[in-house]
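Summary of structural features
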Amino acid sequence: MKIVAVETIPLNMAFRPEVRPHMVRSAQGAQLTLYRVELANGAEGYGDDTGAPVDPSAWIGRDAVEALRAARHGGMQMACFDAVGKTLGVPAHVLMGRSVRRRIPFAYWTIDLPPDVLAQQIRYAASLGYTSYKFKCRPWWDPREQIAAAAEVAPKGFRLWLDFNGHLREARLARPVLRALAQYDCVGGFESPIPQRDVEGYQILRRSVDRPIVGHFGGGCCHVRSDPGFDPGTPGTIQLREQMFDGFVLGGADVDRLRSLAGTLHEFRKPFWIQTVGTALRAAWVAHLASTCDEALLSHLSAHDIWLQDVAPAPRVTHGWLPVPDAPGLGIAPDPNLIEALRSAPPAPATRRVSTVVYPSGSRWHFAEELQRQEAFYFGHLPGFVPGVRLDVREDDGSRDFADLYERCREAPVVE
């Protein structure tokens, strides 16, 4: 099964209009890359990965079966699972391991949203067949207000998992917030409420909050760049020994690594979900992989339903479950017309923005960058999760007033 050709296809994805204003403030554009592998027998395989293309030409002339284990690039490895599976006439999960289930729980996903938009997205997710929604909770919104709005529209049995990425900072601050949110039936659990270096803090929260708490296996969870030591995380062996979490989040795209971690979690009977971002192809890949892992019992995600247009029809979720494809390879075929449309689509324009955290007192904190705002809350420069707090975003309107405010914010947050 010699690889005779590889192709990288940059895709300029667009977010659905309902969530676009909120997604673009944390990511200017939505670039994915499609990887196409052609074998000497004529079989083709497709894979995807986030970001700009990475040159995979070193694999030309090598065996695609070798790439199933040796390729360290997620898009290339996925394309080879697709091509080899098609050649052998078997689904990709047969090449990954012993299948233990025919369908997997699957979740919808977005970043943080205002309460009214969150409610709209719950309705949308439910209309697609989802019963679980992984949602980013951020300190520039009042989570009680968000979840109260969610509870008004969430169908019976619909659950939100609230991901704080450590923004609650410490157990003393986190406990009353989590307890208040746990009063709502639609809240299924919490992810990484405080930095994952805090072993004792997680033990306190697990004893005092009536909802499961999950975390990233073996690492940190905070979006801090200026201080590498802020949240180095905790090794997985200590996380398991000290009973920090009820379950885990596994990221990445290497099949062997993920299945190795899954084996460890099986020994401790700790459930997990696989978390990644990609196209409909990535959703199929997650389904294949999760179907081979005993403890892959929590709702996985690939965020593929946030795109306005995709490379293939989205796999259908039914009552919260995604069937594992049984056709050869990934079991899902990209549409050449959709690929070409996304290849030729113009990239999202680089737009300057000023985001403003507005407190009920009337004080307004202006920021030029997402990371700048994140770190202001992580470091305790601003109080987070205050009742009534909200985020406003202003895009560059070409005015001198905007340009002046933006330049001042680049130096340091501006308070009014």
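The text that follows walks through the structure, step by step, so that each part is easy to find. In this text the structure is predicted, and so the values were computed from the model without any measurement.

In this section: the overall build of the chain. Assigned secondary structure in the chain consists of 14 helices and 16 strands. Taking 416 residues into account, the globule formula puts the C-alpha radius of gyration at 22 Å, and the chain, at 22 Å, falls close to it. Across its three principal directions, the C-alpha atoms of the chain cover 70 × 55 × 40 Å. Across the 416 residues of the chain, 56% fall into the buried class. Sequence-distant contacts, at least 24 apart, represent 75% of the contacts inside the chain between residues at least 6 apart.

Let's shift gears to the pairing of strand β13 (residues 353–358). Look at any regular strand and the pattern is simple: side chains alternate between the two faces of the sheet. Most of β13 sits inside the fold, with six of its six residues counted as buried. Side-chain alternation along β13 places R353, S355 and V357 on one buried face and V354, T356 and V358 on a second face that is also buried. When β13 meets strand β15 (residues 390–395), the two strands line up antiparallel, connected through six bridges. In the sheet register, V358 faces β15, and the bridge partner there is R390. In this structure, β13 lies alongside strand β14 (residues 364–367), joined through four bridges in antiparallel fashion. Across the sheet, residue T356 finds its bridge partner in β14, namely H366.

With that settled, consider the sheet that holds strand β1 (residues 3–13). Within a sheet, neighbouring strands are paired by backbone hydrogen bonds and run either parallel or antiparallel to one another. The sheet built from three strands is open, its strands ordered β1-β2-β3 with antiparallel pairing. Of all strands in the sheet, those bounded by a partner on one side alone are β1 and β3 (44–50). Strand-to-strand, the axes of this sheet are offset by a mean angle of 20°, without reference to chain direction. In the sheet, strand β2 (residues 30–39) pairs with β3 via seven bridges, with the strands oriented antiparallel. Paired with V37 across the strands is G45, a residue of β3.

Here the focus is the packing of helix α5 (residues 115–127) against helix α6 (residues 143–153). In a packed pair of helices, the relevant descriptors are the angle between the two axes and the axis-to-axis distance. The contact between α5 and α6 brings their axes to 8 Å, and the two run at 35°. Every pair of crossing elements has a handedness; the one defined by α5 and α6 is right-handed. Between α5 and α6, the contacting residues are P115, L118, A119, I122 and R123 on the first element and E145, Q146, A149, A150 and V153 on the second. Across the contact of α5 with α6, the residue classes break down as seven nonpolar, one polar and two charged.

The subject of this paragraph is helix α13 (residues 370–378). The element α13 is extensively covered by neighbouring structure, given that eight of its nine residues are classed as buried. Turning to α13, its buried residues number three or more, namely E370, Q372, R373, Q374, E375, A376, F377 and Y378. Tucked into the core, α13 has its buried residues touching β13, β14, β15 and α14 (400–411). One or two steps after α13, the chain reaches G380, where phi turns positive at roughly 80°.

A word on the packing of aromatic side chains. For the structure shown, the criterion picks out 15 aromatic pairs. Ring plane angle 20° and centroid distance 5.3 Å describe the contact between F15 and W307, whose orientation is recorded as stacked. With F15 in the loop between β1 and α1 (20–23) and W307 in the loop between α11 (280–290) and β12 (321–323), the pair connects residues that are 292 residues apart, well separated along the chain. Look at W307 and you get buried, because its relative accessible area is 7%. Ring geometry for F230 and F379: centres 5.5 Å apart, planes at 70°, overall edge-to-face. Of this pair, F230 sits in the loop between β9 (213–216) and α9 (236–241) while F379 sits in the loop between α13 and β15, and the two are 149 residues apart along the sequence. Residue F230 is classed as buried on the basis of its relative accessible area, which comes to 12%. A cation sits over an aromatic face here: R62 above W59, 3.9 Å from the ring centre. Taking the ring centre of W140 as reference, the NZ or CZ of R373 above it sits at 4.3 Å.

Okay, the packing of helix α7 (residues 171–181) against helix α8 (residues 199–208) next. At a closest axis distance of 10 Å, the pairing of α7 and α8 adopts a crossing angle of 25°. Viewed along their axes, α7 and α8 adopt a mutual orientation that is roughly parallel. α7 and α8 meet at a crossing whose hand is right-handed. Contacts between α7 and α8 involve A171, A174, R175, L178 and R179 from the former and G201, I204, L205 and S208 from the latter. Of the residues in the contact of α7 with α8, the class split is five nonpolar, two polar and two charged.

Criteria and cut-off values
Residues numbered from 1 in each chain as written. Predicted model: local features only at pLDDT ≥ 70, side-chain atom pairs only at ≥ 80, totals over all residues. Heavy atoms only, no water. Helix = DSSP H or I, 4+ residues; strand = E, 2+ residues; numbered from the N terminus. Rg over C-alpha atoms; globule rule 2.2 N^0.38 Å. Buried < 20%, exposed > 50% of the residue type's maximum accessible area, 1.4 Å probe, protein only. Contact = heavy atoms within 4.5 Å. Pairing = 2+ DSSP bridges. Axes fitted to C-alpha atoms, helices over the stretch in contact; angles between N-to-C directions. Left-handed = near helix turned anticlockwise from the far one by under 90°. Nonpolar A, V, L, I, M, F, W, Y, C, P; charged D, E, K, R; others polar. Phe/Tyr/Trp six-rings, centres within 6.5 Å; stacked < 30°, edge-to-face > 60°. Lys NZ or Arg CZ within 6 Å of the ring centre and 35° of its normal. Parallel < 35°, antiparallel > 145°, perpendicular 65-115°, else oblique.

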